[in-house]
Amino acid sequence: MAYRHTLGVAASTLALAVTCLAGAAPASAATTTSFSTTVSIAAERSASGLPSAAEIEEAKKDKDSTNAMIARLEASLASSRAELLQAETAAAEAQESLLTAGEERDLRTADAEKAVQQLEYAKQYLEQSQTDLGAIASDIYRNGAGNSTLGILLNSDDSNDLFYKAATIDTLSQQQVQSVNSATEAEALVSAWESYADAAQSAANEAAANYDASASTANSTLAAYQSSIKPEQELRDELISNLAGLKDQEEAEVRKQVEEQEEAERETALQETISAEDAPVIKPSQTGTIQPLAVDAPQELEVDQSTAKPTVKPKPEAQPLDTVDTATPTAAPQPESAPKPQKTETPQAEETQAPAETPKAEETPAPKETPKATQKPKETPKATQKPKETPKATQKPKETPKATQKPKETPKATQKPKETPKATQKPKPKPEKTEAPKQEQDIAPQGGGRSYGAAISWAMKTASDNSKYYVYGANGPSAFDCSSFSQRAFGQSGISLPRTSTQQFFAAPQYVSLNNLRPGDLVFSSSNGGSSFYHVAIYIGNGQVVHARNPNAGISVTPLSWVNNLHSKAARY
């Protein structure tokens, strides 16, 4: 039959894709992150194929033969559906790897470009320092020092006289010493940025090669998936038609029976996943994340525009927390109203002790001896008048207890704020406002207090918009893939998600089992037990999810059981 020949060509295409992709995965580089590039391609269809019309007519003559033929057709339906899902999974996994490879390529390229710029800055910094050293050498020579003085100073040979070097440094001004240190630093920075630039460029080249290989795999798997959709659908229609003929039923009725059977199988698989023993989530260090280069980045430089002629200087490095930061919180509470009475009390304790001791030591002997001393120098009594004013100052602290009576009024002021909480009790509409958002909490109740109402509302609205559709690797505003869809939706609630499905899972702060799902949780698909993920969907409650499914199905709301290869853990942000 011509139809079976068409299916054979499609199967051959899938087999050819498997052969081509067998050697397509690139070797992992030392500085390139190892991403999951394993994809599964639908296997070739069994050689049995479709039954002929004569075989179906012959099977109708005997009940056992009829039942056997029905079982054969149902098995073919299940196999056809599994092959299509397998091709879809392979395409989604390849696209996931492509997204991550693209992120790494962009990051490595930016690192390489930055390293080249920093190397140029380092060379300019070295040139500036060499110019300053030349000026120092000329100055030393003009002042009678030998031409070899600067060379001996900069020579790191242990055989040189360290005392002579120290003496030479003493002859230089502080500014000249700084210029010498800057020249040494500039030479080290040039060397460090040269090494880093080489490493960054090598990593960028490897990342670009990895991206090209991932793109080739993604294109092949996507082509295989798209080419299998129509043949699988045609095969499904013919199998259902044959089943209707064997059962003497209408084709629509048989189709409904097949769909109900498939839904029951999906629900059974979902319950098995939910009841499966929970395994701890182990976040692998090299899955979906971009590892840093083996070479540490040197200190960065920047152009200083504040000078008359722009110069290059090292950027100030980030400073750790100083004692200044720890002192500021102690200084901050001082202006508060509560510590004020403490301040008035502490001077009382200190001042009362101080004048109590001072009159015994200062007032009694000093004024008594001063008049005797004042008779000899007449000018000294003028000085004695000043201490006479000091006891007046001692009387002032006697007035300070009066000031202490004023802070006694401050507690009265503290009683006034007691009335302010009464004012806080008056605005009873506040709890009413908290009761109003209960509708949002019904949409997305979360233990952390976050509301996912805006995220779910946007996702539902987008799913019902016929102008929105699915495209692998798309980022909106009209076309999305699964992870960009969830990323954009969560952004409506002010929650930032990474780009890929794998990153969104491993970046989650909390994980829950599928029997504890709440609206706003993210559920994922994985074909390798959770080492990586290729699909993400947003749970909206009542056993439903909204997600960007695939190019064929688009963006829609489906039962949770329709998420293939559902992982046993969900992510909660």
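Colleague: So what exactly am I meant to see when it comes to the nonpolar core here?
Modeller: A general trend in soluble globular proteins is that nonpolar side chains are found buried together. Membership of the largest hydrophobic core comes to 36 residues, with the highest contact counts inside it found for Phe485, Phe490, Leu522, Ile538 and Tyr573. Elements represented by at least two residues in this core include exactly helix H3 (63-142), helix H6 (174-247), helix H14 (453-463), helix H15 (482-491), helix H16 (501-506), strand E6 (522-525), strand E7 (535-541) and strand E8 (544-550). Sort the elements by how many residues they give to this core and H14 lands first, with 5 residues. Excluding residues that lie within four positions of it along the chain, isoleucine 538 makes contacts with Ala459, Phe485, Ser486, Ala489, Phe490, Asp521, Leu522, Gln544, Val545 and Val546.

Colleague: Teacher, can you tell me more about the packing of aromatic side chains here?
Modeller: Each pair of aromatic rings is reported with the distance of its centres and the angle of its planes. Under the defined criterion, the tally for this structure stands at 13 aromatic pairs. Centroid distance phenylalanine 505 to phenylalanine 533: 4.2 Å. Interplanar angle 35°. Geometry classified as tilted. Remark: phenylalanine 533 occurs in the loop between E6 and E7 and phenylalanine 505 occurs in helix H16; sequence separation between them is 28 residues. Classification of phenylalanine 533 by relative accessible area gives buried; the value is 2%. Feature note: the residues Phe505, Phe506, Tyr511, Phe524 and Phe533 constitute an aromatic cluster, connected by ring pairs. Its end group placed over the ring of tyrosine 211, arginine 105 keeps NZ or CZ at 4.0 Å from the ring centre.

Colleague: Would you mind going over the pairing of strand E10 (residues 569-572) with me for this structure?
Modeller: Within a regular strand, the side chains alternate between the two sheet faces. Here E10 shows a buried face lined by Lys569 and Ala571 and a second buried face lined by Ala570 and Arg572. With 4 bridges connecting them, strand E5 (residues 510-513) and E10 associate as antiparallel partners. When the sheet's bridge partners are listed, tyrosine 511 is paired in E10 with alanine 571.

Colleague: When you look at H15 in this model, what are you seeing that I'm missing?
Modeller: Count 3.6 residues to each turn of an α-helix, and residues three or four apart come out pointing the same way. The buried fraction of H15 amounts to 7 of the 10 residues, a majority that puts the element mostly inside the structure. Within the sequence span of H15, burial applies to Cys482, Ser483, Ser484, Phe485, Ser486, Ala489 and Phe490.

Colleague: Before we go on, may I ask you to explain the pattern of salt bridges in this structure?
Modeller: Oppositely charged side chains can form a pair if their charged atoms are brought close together. On inspection of all chains with the given rule, the structure shows 15 salt bridges. A salt bridge links lysine 60 to glutamate 57; the shortest N-O distance between them is 3.6 Å. For glutamate 57, a relative accessible area of 46% gives the class partly exposed. When the shortest N-O distance is used, the salt bridge between arginine 236 and glutamate 262 registers 2.8 Å. On the criterion of sequence distance, the pair formed by arginine 236 in helix H6 and glutamate 262 in helix H7 (residues 251-275) is long-range, its members being 26 residues apart.

Colleague: How should I be thinking about the environment of arginine 572 in this particular structure?
Modeller: Looking at the element boundaries, arginine 572 is found in strand E10. Linking arginine 572 and valine 512, residues 60 residues apart in sequence, is a C-alpha distance of 7.1 Å. Within the local environment of arginine 572, its side chain forms a polar contact with the backbone oxygen of asparagine 516, the two atoms lying 3.1 Å apart.

Colleague: Any chance you could explain the confidence of the model for the protein here in plain terms?
Modeller: The predicted coordinates should not be examined in detail at positions where pLDDT is low. Per-residue confidence for the protein averages 73 on the pLDDT scale, and 61% of its residues sit at or above 70. A low-confidence stretch, residues 1-48 stays under pLDDT 50, and its non-local contacts, those more than four residues away or across chains, total 81 contacts. Within the model, pLDDT remains below 50 along residues 321-448, and this stretch shows 43 contacts once partners closer than five positions in the same chain are excluded.

Basis of the calculations
Residues numbered from 1 in each chain as written. Predicted model: local features only at pLDDT ≥ 70, side-chain atom pairs only at ≥ 80, totals over all residues. Heavy atoms only, no water. Core = buried A, V, L, I, M, F, W, Y, C linked by side-chain atoms within 4.5 Å. Buried < 20%, exposed > 50% of the residue type's maximum accessible area, 1.4 Å probe, protein only. Helix = DSSP H or I, 4+ residues; strand = E, 2+ residues; numbered from the N terminus. Contact = heavy atoms within 4.5 Å. Phe/Tyr/Trp six-rings, centres within 6.5 Å; stacked < 30°, edge-to-face > 60°. Lys NZ or Arg CZ within 6 Å of the ring centre and 35° of its normal. Pairing = 2+ DSSP bridges. Salt bridge = Lys/Arg side-chain N within 4 Å of Asp/Glu carboxyl O. Polar contact = N/O pair within 3.5 Å; in protein donor to acceptor, adjacent residues only side chain to side chain. pLDDT = per-residue confidence, 0-100.

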